[in-house]
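Observations on chain architecture
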Amino acid sequence: MLARGDSVAAAPPGGPRAHVSIILPVHNAERWLDDCLRSVLHQDFEGIMELSIFNDASKDKSGTIIEKWKVKLEASGILVVIGGHDSPSPRGVGYSKNQAIAQSSGAYLCFLDSDDVMTPQRVRLQLEAAAQHPTSIIGCQVRRDPPDSTERYTRWINQMSADQLLTQVFTSNGPTVIMPTWFCSRAWFSHVGWFDEGGQGVPEDLLFFQEHLRRGGRVVRVDRSLLLYRYHPQAASLSVLEGTIWTLRVRFLEERVLPYWATFTIWNAGKQGRRLYRSLEAANRQKVVAFCDVDERKIKKGFYCYEDSQERPKPRVPILHFRAAQPPFIICVKLDLTGGAFEDNLRSLHLQEGQDFFHFS
């Protein structure tokens, strides 16, 4: 098993070394694989490019499709490295990505999922960005398929500002540039470490992204739609439990933001705000001076009592109208869901995101 801290040496020894390696884990992907591999063939990048595939115990025709495309890709000058295993069960996305990286040779790594499709410009444009930002994960805008699936999420992916790529890392949406759009240098990947290999249910992309930020990494998005990003019930990301993500988000917030605040207000006196309050470590719960809201019924109640607390007397946290509350805020209101009413209220306070508030929605 690959461990964090191991170096990520370019492999294999001898033979030509690629400038860019496309990292492609595959598991039972016959439905999408032709489109995916065709998009590799059609890249307009003119340097040495390599496709590194790791077939994670596919039981369908993925292996046959890979071998067919190997011939076409090599004939066009693209290096192809294929690894895999035929065990009864897959080892998971983190393991497969690690293996594909370990067997690859490129100075840069371009991540791709087997159900997605790259535009011809992707490798060239992201390489240009990565060369300018050597300690960054480079992402890009996406086009969703089907187009009407996850509309709010897709807008979030595509419309965040450059600053928000770093300030909105605590939301339930996960990494602010999505994993199938990642592009980075091998040297930086090696500095951060390998993907978690816990298998199904482990958010290996979020864990890596958080470690990347801990190590001072930045986030850059190429503002072109360079990937067709498919939504379907078999997507690996849908196997991760919401509770797992929630715990990682809370701990990251407690690590990255709350140590620098003496007190703060939770914006949302409803279910999500109260859940955040209960999830905090005791020392951070004591920093919560109020909840705030626009719901007159909640405000009229006047306070939230933490009934499960072992403290005596039990904590009673005031509930205020948002205009009466004091920043900084942790905001537990979902974005892009109130017809702009919440966003208008927030803008009216003239606060600075990343200093006066963070989104946790």
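Anything mentioned here points back to the structure above.
Structural notes, computed from the coordinates.

1. Examining the packing of aromatic side chains
Applying the stated criterion across every chain yields a total of 24 aromatic pairs. Ring geometry for Phe111 versus Trp182: centroids 6.5 Å apart, planes at 90°, classification edge-to-face. With Phe111 in strand β4 (residues 108-111) and Trp182 in the loop between α6 (164-167) and β7 (183-185), this residue pair connects regions lying 71 residues apart in the sequence. By the burial criterion, Phe111 is buried, and Trp182 matches it. Taking 5.5 Å as the distance between ring centres and 50° as the angle between the ring planes, the aromatic pair formed by Phe189 and Phe195 counts as tilted. The rings of Phe111, Trp182, Phe189, Trp194, Phe195, Phe208 and Phe209 are connected pair by pair, giving a single aromatic cluster.

2. Focus: the pattern of salt bridges
Evaluation of the coordinates by the stated rule reveals 18 salt bridges. Residues Lys97 and Glu204 are paired through a salt bridge, measuring 2.8 Å at the closest nitrogen-oxygen approach. Remark: Glu204 occurs in helix α8 (residues 204-214) and Lys97 occurs in helix α3 (residues 93-102); sequence separation between them is 107 residues. Using a relative accessible area of 2% as the deciding quantity, one classes Lys97 as buried. Glu204 gets classed as buried once you look at its relative accessible area, which sits at 11%. When the shortest N-O distance is used, the salt bridge between Lys314 and Glu307 registers 3.3 Å. The network of salt bridges with common partners includes Asp35, Arg38, Asp145 and Arg230.

3. Observations regarding the layout of surface pockets
By volume, the second largest pocket amounts to about 310 Å³. What lines the second largest pocket is a set of 17 residues, among which Leu166, Thr167, Phe170, Arg256 and Phe358 lie closest to the centre. Of all the secondary structure elements, the ones that give two or more residues to the lining of the second largest pocket are α6 and α9 (242-256). For the lining of the second largest pocket, a count of residues per class yields nine nonpolar, five polar and three charged.

4. A closer look at the sheet that holds strand β13 (residues 329-331)
Across the sheet, which stays open at both edges, the six strands sit in the order β11-β12-β10-β9-β13-β14 with mixed pairing between neighbours. The strands lining the two open edges of the sheet, one partner per strand, are β11 (303-305) and β14 (357-359). Averaged over all pairs of adjacent strands, the angle between their axes in this sheet comes to 25°, without regard to strand direction. In this structure, strand β10 (residues 288-293) lies alongside strand β12 (residues 316-321), joined through three bridges in parallel fashion. Counterpart to Asp293 in the pairing with β12 is His321.

The rules behind the values
- Residues numbered from 1 in each chain as written.
- Predicted model: local features only at pLDDT ≥ 70, side-chain atom pairs only at ≥ 80, totals over all residues.
- Heavy atoms only, no water.
- Phe/Tyr/Trp six-rings, centres within 6.5 Å; stacked < 30°, edge-to-face > 60°.
- Helix = DSSP H or I, 4+ residues; strand = E, 2+ residues; numbered from the N terminus.
- Buried < 20%, exposed > 50% of the residue type's maximum accessible area, 1.4 Å probe, protein only.
- Salt bridge = Lys/Arg side-chain N within 4 Å of Asp/Glu carboxyl O.
- 1 Å grid on protein atoms, 1.4 Å probe; cavity = no way out; pocket = protein on both sides within 12 Å on 5 of 7 lines; lining within 4 Å.
- Points joined across faces, edges and corners; volume = space filled by probe spheres on them.
- Nonpolar A, V, L, I, M, F, W, Y, C, P; charged D, E, K, R; others polar.
- Pairing = 2+ DSSP bridges.
- Axes fitted to C-alpha atoms, helices over the stretch in contact; angles between N-to-C directions.

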